[in-house]
Amino acid sequence: MEDLLVRFYLIKSTVLLLLALLIGSGRLVPAYAGDPHPNCMSGCDRADRGKTTRGTVPKATFLFPSRYQGMALPVADQPANLIDRVLFEVQREAGVERTFRCDDLNFMRRVSLDLTGRIPNLKRILAFLKDQDPDKRARYVDELLASEAFVDRWTYWFNELFETTYKVQNTRGAVGFSTFYLREAVAENRSLATMATELITARGNSYRAWSTNYLLRAGGLGGNLQDRVDNEATHITDVFLGTSTACISCHDGSGYLDDINLFLSRQKRRNFWETAAFLTAKQITSDNPLLHGFDLTDRLDTPYIADTVDGMRPPREGGVIPPRFVLTGEEPGDGEHPAAALARMVTEDRMFARNFVNRLWGHMTAVPFVSPYNELDPARLDPDQPPPSPWTLQANQPRLMEAMTDFFIESGHDLRATLRLIALSETYQLSTDTVRDWRPEHRDLYVRRVVRELTGEEVFDQFVVATDVLRRVGAAGIERVPGDGDSFTPLSFVFAHQFPDNYHGHMFYMLTQFLTVFGVGNRYDQPRFDAPAPSQALLMMNDYVIQGRIGPYQTYIVWERDEHGNITNEYREVISQLTHLAHTALSDREKIRRTFLAILMREPTRLEMRKIEALKGNQSFVDVAHTLHWTLINYSEFRINY
Amino acid sequence: MDRRTALKIGAGLGLAGLRPLLAGKTRFDKRDPQLWGTARNCVFINTVGGMSHVDTFDYKPGPATPNAMGQSRLSSGALWPAGIMPDLAARGDHFTLVRSLYGVERNHQRAQFAVETGHRFNPAASLRAEVPSLGSLISVELAGQRGADDVLPTFFAMGMRPPGTGMFPRQHNAYFLEVENRFDREFDAYLNGDIRTRLNWLWTLDPLKQEGHDPLGSRYLWSSAEALMFDERARAALTLDDERQLRYLPQQEDGQPYVSGRGIGEWLAQAYQLLAADSGTRFIHIGYQDWDRHSQVYGHLAYEGPLFDRALAAFFDEMSETPGVEAGKSLLDETLVVVVGEFGRTPGALNRLQGRDHFSDAFSALFAGGGVQGGRIIGATDAVGGAVIDNGWSHDRPIGLVDLSATVFSALGIDYRRSLADTPSGRTFYYVGRDSWAGTPHVIDPLFS
């Protein structure tokens, strides 16, 4: 009987596989993180991996042709929130049916990775499976939003967005900006408008007033005053408004951007200088940058003078430039500090909200409304005021982008509320697999979830939780001693998303090499890239970061801390969850099942179970545990969010 | 039949039989002087941060120059800091110095992009994202020349990872080597028990790695990795020989190596092994960092100069002693070596931190091997190295980084004038970009003629 079932299963799988090859296209897109300068595969709507030209669209198939056989595949018809209300109507008008809802484990893994950059441990997975509450997905989202892991992940997201780097800010400034300013802002769910205002108007010393490190980084090192404020203005429009003005920092838009960006094609270089002119009221000085950091002070007697012949940009000629905001032409009010005026204009502008909505939507769905994130065209986003022909609206779903922008503004620029809105939509919870006819252009209708590759940080952190070996990976740098103001101790951490910056690779080489092989950049002159190489597979197969955490005999040491947070001489030995599982009294089949849950967060298929039992033969589970762990960690699906 | 058609047919038939035909200059139309095709391989050393040209390749000793920098003349007549680079001083016939480089970028990120890609940095991320690194594009172009037994990747990178593959397939990404940690972390399965058994489990079980079902396109990562792990030539090429490594490091008075750990000595020793293995590797990128010396420029040169000197001299020696693929040629004859950074440093007096700042009005590069006629100087600067006064070639402008890229392509027999119109952005992609000040890129012909 079992043989018959297996034969039936194999035939069915083959038929489904052939069907999948004939129809459908599952396309892979990369993680976007908070990278304001997405590289090739992150940008330009280039979801087709390996696509060389516009004319070639690779065929793709179902990820798991046999995963859903025999299961009920519920297709949502009631919108959960405003996202679904807009998209369901769009899909109805287009005559395209959306796919079915993903199952609980699929949802749990997806939303855990998107919100926290890691997966839950086995105990939490089993509890979620057991939970019969129909509202358990919403409760789980709230649990993630309230977690420390969320704070780690989104602090890192802002590190990426703001390009936190030891290279420019010095170690102390970068660590302070990341682990103190950003972390505290995320932890208290500070309004993004408040954050932007604090960063644009910051003043003080970069080793004490951590928020000053944003402008310090944005301005870069070296160059004349005009270059520095040009860099800052470019960075501000890029990360806070989603519109890179770097082009018009060197030349007028006309003649260069006529076929790229309608708004910028109408701007002159002078319009850019006027925005940069808000920032000359900030002065950066230092007598010893390494020892004492930089001082960011207010100084109102240094106007923007467009009169340079060298530096990073072509010569400037235009005399004294008064501050005017590039989007509106508004000038500072009487007595208003120029930097404060700029912060006000940036955060009050609708582009500020559109920018973050686009970034958050892209992060969660892997398909932003507009890509790359920093190429929003302010003149082509409002569906009620469409651009003149032949221009078209820029966003793939302009009505939804505007509706979410309204929500974001009304929520008080609330990060968690916006992420929650997305995560709880039916749209977010669609499967990546589809039972309907699928064409590549359906991607912009959001009728199914698009697969994205995990970043190196996500792969690492997922692995840490899957094994539950919470071994610390760093022992250098600085961190704040709890309750002791600005005192510092060596920085050590467990998760990649807790790493402020990987510049000092030699201090954290175990982690930094792993991340480097997986394409992490340095937030300075080496951009993140997502083109994999065989070295990634070699690392996953052989690296002792991996080998030293899997198998049935893994423990790790946790040093106890005293009431002040200082490490004591006491320690305890902790057994990994995979080690614990291997030595329980459960049946071998249940151990195999739970190993799949712990690492891949899914049930093994019957075919997999049968194959494993055949490969295992008469050996005990403990005998094959290391091989099973190794195999599942090297599964291709370990590298994706689907 | 044009070359690409021939290569496609060759790929279909198995390239082993076509390789001799495709090797060397003979595969190009000799009527086209722009395609030299003199090199089979290239080692591209990117001195990241900007090497001080006036203290190295365009040596202009001044009042601040320490005596320890030394002073001698190469066979070309070039003044040379023999105090920190004595071994290269004795090998002046191997290389030619180009002293008429000019650029407009003085920002690391932007200028490095030009070095790495042959294109000017475009602030529009979507356009920049289409541009591949030099090595990736070369890997694309040379893909048809790979033989069935070529197990090593075409494109290796060390020291610093170059940009990605742009709009080209991801398989052409660089294999990035962290030399210091590479072998035990990536190749050595000493903790890995029965790796064959594990691989059997993996290939048997993973539903996304099956023949005919590879929806993520990631199967090749593991199949390539497995091939590398079990190929003896690959293991030998990637296992850095201790004795060789010593040859690439300066010796102290007590005979001990001057320094250990990663650095230019290890990278070039590794580069030699990869090329000598003749197992598919054709382009090696070395990101040689830490040349951005705004302070203590001479302190850094006193340390790094001898390391660079010994490593490159040893590389020249081994490469010239090793037979190439073509009869009568050495491996150095078949390998273009380029040393260049994104710009030079401010000439004349040092700044208040005893360093030199960014400077792009004039800087220099070193070329060797791969058909380069050694022992020459191309171009000249004024007395302090602050302006190009002799372009050194037939074109009425200084040499730019785009010309340097064109030269690399040309030496490898790749038509750098090619372009692709069907790009994701719709904008034409030129193999070598157009710099507004330079206009059309040209090959630095005096290197070869």
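Residues numbered from 1 in each chain as written. Chains lettered and ligands numbered in written order. Predicted model: local features only at pLDDT ≥ 70, side-chain atom pairs only at ≥ 80, totals over all residues. Heavy atoms only, no water.

Engineer: Would you take a moment to explain the pairing of strand β5 (residues 155-158) of chain B for this structure?
Structural biologist: It is a general feature of regular strands that their side chains alternate between the two faces of the sheet. Residues and elements named next belong to chain B. Burial along β5 is two-sided: the face carrying F155 and A157 and the face carrying F156 and M158 are both buried. Inspection of the sheet shows β5 paired to strand β7 (residues 283-288) by 4 bridges, in the parallel sense. Bridge pairing in β7 links M158 to I286. In terms of strand pairing, β5 meets strand β6 (residues 175-177) through 3 bridges, oriented parallel. Each residue of the ladder has a partner; that of M158, found in β6, is L177. (Buried < 20%, exposed > 50% of the residue type's maximum accessible area, 1.4 Å probe, protein only. Helix = DSSP H or I, 4+ residues; strand = E, 2+ residues; numbered from the N terminus. Pairing = 2+ DSSP bridges.)

Engineer: Just to check I follow, could you spell out a nonpolar patch on the surface for this structure?
Structural biologist: Residues and elements named next belong to chain A. A surface patch of nonpolar side chains, about 440 Å² in accessible area, is lined by I557, W559, I567 and Y571. Of all elements in the fold, only β10 (555-561) and β11 (567-575) reach the threshold of two or more residues within the nonpolar patch. With respect to the secondary-structure elements, Y571 resides in strand β11. (Patch = residues over 30% accessible without salt bridge, like charges linked within 9 Å, V, L, I, M, F, W, Y side chains within 5 Å. Areas by Shrake-Rupley, 256 points an atom, 1.4 Å probe, with all protein chains shown as cover. Salt bridge = Lys/Arg side-chain N within 4 Å of Asp/Glu carboxyl O.)

Engineer: Explain helix α9 (residues 212-219) of chain A to me, please; I cannot follow it from the model alone.
Structural biologist: Because the α-helix completes a turn every 3.6 residues, residues three or four places apart line up on one side. Residues and elements named next belong to chain A. For α9, the tally of buried residues reaches 8 of 8 residues, placing the bulk of the element in the interior. Of all the residues in α9, the buried ones are T212, N213, Y214, L215, L216, R217, A218 and G219. G220 sits one or two positions beyond α9 and adopts a positive phi of about 75°.

Engineer: Whenever I open this one, helix α12 (residues 264-276) of chain B confuses me. Can you help?
Structural biologist: All names here are of chain B. Between its terminal C-alpha atoms α12 stretches 18 Å, which fits the 18 Å expected from 13 residues at 1.5 Å a residue. Of all 13 residues in α12, 12 are buried; the element is thus mostly enclosed. Residues I264, G265, E266, W267, L268, A269, Q270, A271, Y272, Q273, L274 and L275 constitute the buried set of α12. Of the residues flanking the end of α12, it is D278, one or two places downstream, whose phi is positive at about 45°. (Expected span 1.5 Å × (residues − 1).)

Engineer: Teacher, can you tell me more about the packing of aromatic side chains here?
Structural biologist: Here a ring pair, both rings aromatic, is described through the centre-centre distance and the interplanar angle of the planes. Scanning all chains against the criterion turns up 40 aromatic pairs over all chains. Pairing F162 of chain A with F240 of chain A gives two aromatic rings, centres 5.7 Å apart and planes at 50°, and the pair type is tilted. Placement of F162 of chain A in helix α6 (residues 148-162) and of F240 of chain A in helix α10 (residues 225-241) is noted, with a sequence separation of 78 residues between them. Accessibility classification places F162 of chain A together with F240 of chain A in one group, the buried group. Taken together, F150, W154, W157, F158, F162, F177, Y181, Y214, F240, F352, F356 and F408 of chain A form an aromatic cluster joined through their ring pairs. The ring of W222 of chain B carries the charged tip of K209 of chain B above its face, separated from the ring centre by 3.9 Å. R417 of chain B extends its terminal NZ or CZ atom over the ring of Y416 of chain B, reaching a point 5.7 Å from the ring centre. (Phe/Tyr/Trp six-rings, centres within 6.5 Å; stacked < 30°, edge-to-face > 60°. Lys NZ or Arg CZ within 6 Å of the ring centre and 35° of its normal.)

Engineer: I would appreciate a short explanation of the sheet that holds strand β2 (residues 204-205) of chain A in the present structure.
Structural biologist: Hydrogen bonding along the main chain pairs the strands of a sheet, whether they run parallel or antiparallel. All names here are of chain A. The antiparallel open sheet is built from 3 strands, whose spatial order is β2-β4-β3. Edge positions in the open sheet fall to β2 and β3 (282-285), since each of these has one partner strand only. Summarising the sheet, β2 and strand β4 (residues 295-298) pair through 2 bridges and their orientation is antiparallel. Each residue of the ladder has a partner; that of G204, found in β4, is L296.

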